[in-house]
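Residue-level listing of the chains:
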Amino acid sequence: MIINLILYSTSHCHLCEQAEALLLKLSFEHELKWTTIEISDNANLYELYEIKIPVLKKVGTDDEICWPFNEDDIKLLLSNDEINVSVQPHHLPLPLKLS
């Protein structure tokens with residue numbers, strides 16, 4: 001079964017390029033199809049996602065993840081078939097060690 005996703009993005013966004021690279025890599029393991037949507041073309045989307053992009057949303061659900069996310073976070077989003085909840089990555093920046 002193909003899993004449809006939306007990648008909310010903007011042009012010249014290196015993080016969005018990284019997110020798309022993750023999707024491409026995972027597409028070899030999973031049947032994925034995604035549409036990239038430019039948020040700057042829509043005032044509502046821009047207001048909603050401006051500081052969150054890239055955002056990956058599973059079509060037909062309210063499930064989405066905001067950057068930063070990794071392969072495991074995307075896999076969790078993909079496997080979340082029966083529950084309709086927001087999946088948020090659990091990444092926190094590593095503390096800096098000061099010498």
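Scroll up a little and you will see the structure.
Rules of the game
Residues numbered from 1 in each chain as written. Predicted model: local features only at pLDDT ≥ 70, side-chain atom pairs only at ≥ 80, totals over all residues. Heavy atoms only, no water. Helix = DSSP H or I, 4+ residues; strand = E, 2+ residues; numbered from the N terminus. Buried < 20%, exposed > 50% of the residue type's maximum accessible area, 1.4 Å probe, protein only. Contact = heavy atoms within 4.5 Å. Pairing = 2+ DSSP bridges. Right-handed = clockwise from strand over helix to strand, strands pointing away. Axes fitted to C-alpha atoms, helices over the stretch in contact; angles between N-to-C directions.

Draft legend 1. Inspection of the overall build of the protein at higher detail. The number of helices and strands found in the protein is three helices and four strands. Along its sequence from the N terminus, the protein presents helices and strands in the succession β-α-β-α-β-β-α. Taken over 99 residues, the protein has a buried fraction of 37%. Excluding contacts between residues fewer than 6 apart, the proportion of contacts in the protein whose partners are at least 24 apart in sequence is 53%.

Draft legend 2. Structural view of the pairing of strand β2 (residues 32-38). Sheet analysis places strand β1 (residues 3-9) next to β2, joined by seven bridges and oriented parallel. What sits directly across from Tyr-8, in β2, is Ile-37. On the question of chirality, the crossover connecting β1 to the parallel β2 by way of helix α1 (residues 14-26) is right-handed.

Draft legend 3. Molecular detail of the sheet that holds strand β4 (residues 64-66). Read across the sheet, four strands follow the order β2-β1-β3-β4 without closing on themselves; strand pairing throughout is mixed. Single-partner strands in this sheet number two, and they are β2 and β4. Each adjacent strand pair in this sheet contributes to an overall mean axis angle of 20°, direction not counted.

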